[in-house]
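Residues per chain, in single letters:
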Amino acid sequence: MPTMQPLSLAELRQKAMRLPQTPGVYLMKNRQGTVIYVGKAKALKNRVSQYFGSHRNHGIKVIRMVENVADFDYILTDSEFEALVLECSLIKQYAPKYNILLKDDKGYSYIRVSNDGWPMISAVLQKKDDGATYIGPYTSHFTVNNSVDEALKIYRLPRCGKTFPQDIGKGRPCLNYFIKQCSAPCAGKISEAEYREAVDEALAFLRGGTANALQDLEKRMTQAAEALEFEKAARLRDRIQAIKRSADKQKVYSAAVEEQDVFAIVSEKEKSCLNVLRFGEGRLTESEFFLLDTPENLPECRTELVRSFYSMDRRIPPRIAVDGEMEDTALMEQWLSEKAGRRVHIVLPQRGAQMQLVELCRKNAAEKLMQSSGRISRQATALRELASLLGLPSIPEYIEAYDISHTAGSDNVAGMVVFRDGVPLKQAYKRFSVKTFLGQDDYGSMAEVLERRFRHYLEEKDSGEGFGKLPDLILLDGGQGQVHAVQPVLKQLGIDVPLFGMVKDNHHRTRAIAADGGEIALTSKRSAFTLVSEIQEEVHRFAIAYHRKKHQKSGFSSTLTEIEGIGPARAKALLQHFRTLAAVKNATVDDLCAVKGISRPAAQAVYDAFHPKEK
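Here the structure is a predicted model, which means the values were calculated and not measured. (Residues numbered from 1 in each chain as written. Predicted model: local features only at pLDDT ≥ 70, side-chain atom pairs only at ≥ 80, totals over all residues. Heavy atoms only, no water.)

> Can you walk me through the overall build of the protein in this structure?
Looking only at helices and strands, the protein features 19 helices and 19 strands. For the protein, the residues scored as buried account for 45% of the 615 residues in total. Within the protein, contacts between residues at least 6 apart in sequence are counted, and of these 61% link residues at least 24 apart. Only carbon and sulfur atoms are counted for the fraction: they give 49% of the accessible area of the protein, which is about 31,900 Å². (Helix = DSSP H or I, 4+ residues; strand = E, 2+ residues; numbered from the N terminus. Buried < 20%, exposed > 50% of the residue type's maximum accessible area, 1.4 Å probe, protein only. Contact = heavy atoms within 4.5 Å. Areas by Shrake-Rupley, 256 points an atom, 1.4 Å probe, with all protein chains shown as cover.)

Listed below in structure tokens is the structure:
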């Protein structure tokens, strides 16, 4: 493919500055003339010229895109809405590299019934020529999976990989038999005729739904009871109860709004996950996940995600709930309304049942993201809860915590511990001796330690390791006083990291999180509470262990300085050489003279101080 002569950044800026201040769409192209980004603008000149100015306010994604731009085209429109419609059309046409594009890879789903004496029911994504019976196709794999799973539980059908009758009698029943979710044909607990009857009823349930299945089973139960077939009537009764429990369980995932979609996105450092919960007839009918690169602008990203999702010929509900602010909400509502042929509302729930659905959506997105990154479930849940509780933009993978320790204002030290992915990263722990404060000043000490830590960051940030790594969250042992003492330091150094305190109760147990405007209770988030308690205990243990060690050395040093001719410098030299006061006591005069800076008279004085009877 022939390449075009690329314009320089200055030439691109000059071209952008000649654009009109009118609505339109712009198309960024690379050297090969391929469209790599499509955007819309209310005022083309203002929007496009921003790309080719200073990179100071641009994220990495925009910088990389601009580096690949060789030229751009533009199309004028009469309104911003027309620009949005045209943008959607062009994005669908060109599939540009730097636009957020959701891949529609759902395909169709089927219910498969194997064709043998002991049929097995399963949910599959492809229809094969294998002699089995296929029911479908269905557009929602989520619905098919859930329906098959419920049918297997209700009618106690196996979901294992065993083949019958070959595997009958070859082993003990699995756990599903004992929790009454399988009839255990593998152990001969059910006849072939009874098994086929259960399969037929399960298929009738899958085809006809809950209401039809209940009506048929209740009729048959009554007939069995009248015919004195009490065992059969009891079996039918159990199935009726199982179907009702299944229906009650579904109510947990129901919504007061008959038809709506719920969007939520959860982000980590590099990856994000979008979850869309789709409700029809007031019940959850589908859940879709999309993994994507972490966005730099969440409101803009939400708008792009909604546009991309409904550009894939999805059913558009009358109501769409999102988990945060969007750009151009009114324009998106207008575009969706025209596509749907009726009014569509985009809402941001703040409380009640709708807010609970948004939280459920976020929880699902976070869980999927954790699974994709191989996180441990317990830590994953705690980090997710902590991020939600503190209103963090993403899950805090790398947390630093600080505590001050001293004895009545002497031997002031600080400990810094690091938790990565919810577990201690001990090789990253750091210890600080407070240098600029004497006496009991926890606020001043904390401010000094954080200033020193982040000055190291500014010097070493290119390394991305140790002090050169920026944390996702800073926790201080203490309340709002510590937070207020450190905030000006971070602001002065240009460090933008979420900062909170860890508050203890009268029994020295974690009680709450101190924020700038008050306290945040932890009791409602059990996993987050456990994690914060663990962090607070660990940083306290680390700081006090360092303080005790230093205080012990300080005590040893003061003992030595009481000896005539031994000042602080000589006391320090002796302790550094012998490590312990006991070793100093056991040293000979010659051993003491071997220490740099210790003269023979001084050595003799030290020896005499610890051996008074030998004078």
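> How should the sheet that holds strand E4 (residues 109-113) be read in this particular structure?
Sheet strands pair via backbone hydrogen bonds, and the direction of the pair is either parallel or antiparallel. Read across the sheet, three strands follow the order E5-E4-E6 without closing on themselves; strand pairing throughout is antiparallel. The outermost strands of the open sheet, each flanked by one partner alone, are strand E5 (121-124) and strand E6 (133-138). Sheet twist, expressed as the average angle between the axes of neighbouring strands with direction ignored, equals 20°. When E4 meets E5, the two strands line up antiparallel, connected through four bridges. (Pairing = 2+ DSSP bridges. Axes fitted to C-alpha atoms, helices over the stretch in contact; angles between N-to-C directions.)

> Any chance you could explain helix H4 (residues 80-94) here in plain terms?
An α-helix turns once every 3.6 residues. As a result, residues three or four positions apart point the same way. For H4, spanning 15 residues, the distance from its first C-alpha to its last is 21 Å, which sits close to the expected 21 Å at 1.5 Å a residue. All buried positions along H4 are accounted for by Phe81, Ala83, Leu84, Glu87, Cys88, Leu90 and Ile91. Check the buried side of H4 and you find it contacts strand E1 (24-29), strand E2 (35-41), strand E3 (71-76), helix H9 (298-310) and helix H10 (329-340). (Expected span 1.5 Å × (residues − 1).)

> Can you walk me through the sheet that holds strand E7 (residues 260-267) in this structure?
The strand order across the open sheet formed by five strands is E9-E8-E7-E10-E11, and the pairing between neighbours is mixed. Edge positions in the sheet fall to strand E9 (283-293) and strand E11 (345-347), since each has one partner strand and no second. Neighbour-to-neighbour, the strand axes of this sheet turn through a mean angle of 20°, independent of strand direction. As judged from the ten bridges shared by strand E8 (residues 271-280) and E9, these two strands associate in the antiparallel manner. Paired with lysine 271 across the strands is aspartate 293, a residue of E9. Along the sheet, H9 contacts E7, E8, E9 and strand E10 (319-321); its crossing angle with E7, the most-contacted strand, is approximately 135°. Sheet strands touched by H10: E10 and E11. Its angle to E11, the strand with the most contacts, is close to 145°.

> Sorry if this is basic, but what is going on with the pairing of E4 here?
Both faces of the sheet carry side chains from a regular strand, because those side chains alternate between them. Counted residue by residue, E4 has four buried out of five residues, so it is predominantly covered. Inspection of the sheet shows E4 paired to E6 by four bridges, in the antiparallel sense. Counted as the bridge partner of arginine 112 is tyrosine 134 from E6.

> For this particular structure, what's the right way to read the state of the cysteines?
Chemically, a disulfide is nothing more than a covalent bond linking the sulfur atoms of two cysteines. Counted according to the given criterion, the structure contains zero disulfides. As a non-bridged cysteine, cysteine 182 has cysteine 174 as the owner of its nearest cysteine sulfur, 5.5 Å distant. Taking the relative accessible area as the measure of exposure, cysteine 182 reaches 8% and is therefore buried. (Disulfide = S-S within 2.5 Å.)

> Explain unusual backbone geometry here, please?
With glycine set apart, most residues show a phi of negative sign, and most peptide bonds adopt trans. Unlike most non-glycine residues, arginine 156 shows phi in positive territory, near 55°. Secondary-structure assignment places arginine 156 in the loop between helix H5 (141-154) and helix H6 (175-178). Backbone geometry at aspartate 421 places phi at a positive 55°, although glycine is not the residue there. The topology assignment puts aspartate 421 in the loop between strand E13 (410-420) and strand E14 (423-424). Residue aspartate 421 is classed as partly exposed on the basis of its relative accessible area of 29%.

> Quick question: what am I supposed to make of the pattern of salt bridges here?
Side chains that carry opposite charge are capable of pairing whenever their charged atoms lie near each other. The final tally for this structure, using the stated rule, is 24 salt bridges. Measuring nitrogen to oxygen at the nearest pair gives 3.0 Å for the salt bridge that ties aspartate 130 to arginine 112. Pair noted here: aspartate 130 is in the loop between E5 and E6 and arginine 112 is in strand E4, with a separation of 18 residues, a long-range link. Under the relative-accessibility criterion, aspartate 130 is labelled partly exposed at 37%. Look at arginine 112 and you get partly exposed, because its relative accessible area is 22%. Across the pair glutamate 519 and arginine 511 runs a salt bridge, and its minimum N-O distance is 2.8 Å. (Salt bridge = Lys/Arg side-chain N within 4 Å of Asp/Glu carboxyl O.)

> Just checking my understanding: could you explain the packing of aromatic side chains for this structure?
For any pair of aromatic rings, the description rests on two quantities: the centre-to-centre distance and the angle between the ring planes. For the coordinates displayed, the defined rule picks out 15 aromatic pairs. A ring pair is formed by phenylalanine 309 and tyrosine 310, whose centres lie 5.0 Å apart and whose planes are at 90°; its orientation type is edge-to-face. With respect to burial, phenylalanine 309 and tyrosine 310 carry one shared label: buried. For the ring pair tyrosine 429 and phenylalanine 542, a centre distance of 5.0 Å and an interplane angle of 70° mean the geometry is edge-to-face. Taken together, the residues tyrosine 429 in the loop between E14 and strand E15 (430-433) and phenylalanine 542 in helix H15 (residues 526-561) connect sequence positions 113 residues apart. For tyrosine 429, a relative accessible area of 10% corresponds to the buried category. The rings of Tyr26, Tyr37, Tyr51, Phe52 and Phe72 are connected pair by pair, giving a single aromatic cluster. Sitting above the plane of the phenylalanine 72 ring, lysine 15 keeps its charged end 4.6 Å from the centroid. We note lysine 469 situated over the ring of tyrosine 398; from NZ or CZ to the ring centre the distance is 4.9 Å. (Phe/Tyr/Trp six-rings, centres within 6.5 Å; stacked < 30°, edge-to-face > 60°. Lys NZ or Arg CZ within 6 Å of the ring centre and 35° of its normal.)

> Quick question: what am I supposed to make of the side chain of serine 114 here?
Turning to its location among the elements, serine 114 is positioned in the loop between E4 and E5. For serine 114, a relative accessible area of 11% gives the class buried. Within polar-contact distance, the side chain of serine 114 engages the backbone nitrogen of methionine 120 at 2.7 Å. With near-sequence residues (within four places) excluded, serine 114 lies in contact with Pro119, Met120 and Ala132. (Polar contact = N/O pair within 3.5 Å; in protein donor to acceptor, adjacent residues only side chain to side chain.)

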